Amino acid sequence: MKCIPNKLISTTVCYRTNREKVYAVIRDAGVLMYEKKGMISFCPEDNRESRTAMK
């Protein structure tokens, strides 16, 4: 919980939108996140397990 960014992301995304579009909205808000096998994390230490950083 300590890694969840304290940012408000205000947008509308269709429920049929793929996850890449949702990730893009998060990145556009300036939130750094990491993804591996469909799971995301906002904790920088999770990058040590070769997760891909998304800026």
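See the structure above.
Read on for an overview of the structure.

**As for helix 1 (residues 19-28)**
Turning to helix 1, its buried residues are Tyr23, Ala24, Val25 and Ile26. The positive-phi residue at the C-terminal boundary of helix 1 is glycine 30, with phi of around 85°.

**Digging into the side chain of serine 41**
Following the sequence through the fold, serine 41 ends up in strand 2 (residues 39-41). Among the polar contacts made by the side chain of serine 41, one reaches the main-chain amide nitrogen of cysteine 43 at a distance of 3.1 Å.

**Some thoughts on the pairing of strand 1 (residues 33-36)**
Bridging between strand 1 and strand 2 involves three bridges; their strand directions are antiparallel. The partner of tyrosine 34 across the bridge, within strand 2, is serine 41. Hairpin remark: strand 1 followed by strand 2, antiparallel, with two residues in the connecting loop; positive phi at lysine 37, about 55°.

**Quick look at the state of the cysteines**
One pass over the full model with this rule turns up one disulfide. In this model, cysteine 3 is linked to cysteine 43 through a disulfide, with the two sulfur atoms separated by 2.0 Å. On the sign convention where negative is left-handed, the bridge of cysteine 3 and cysteine 43, at about 115° about the S-S bond, is right-handed. On the criterion of sequence distance, the pair formed by cysteine 3 in the segment before helix 1 and cysteine 43 in the loop between strand 2 and strand 3 (52-54) is long-range, its members being 40 residues apart. As far as the burial class goes, cysteine 3 and cysteine 43 line up, both buried.

Definitions and cut-offs
Residues numbered from 1 in each chain as written. Predicted model: local features only at pLDDT ≥ 70, side-chain atom pairs only at ≥ 80, totals over all residues. Heavy atoms only, no water. Buried < 20%, exposed > 50% of the residue type's maximum accessible area, 1.4 Å probe, protein only. Helix = DSSP H or I, 4+ residues; strand = E, 2+ residues; numbered from the N terminus. Polar contact = N/O pair within 3.5 Å; in protein donor to acceptor, adjacent residues only side chain to side chain. Pairing = 2+ DSSP bridges. Disulfide = S-S within 2.5 Å.

Shape descriptors only; they carry no functional weight alone.
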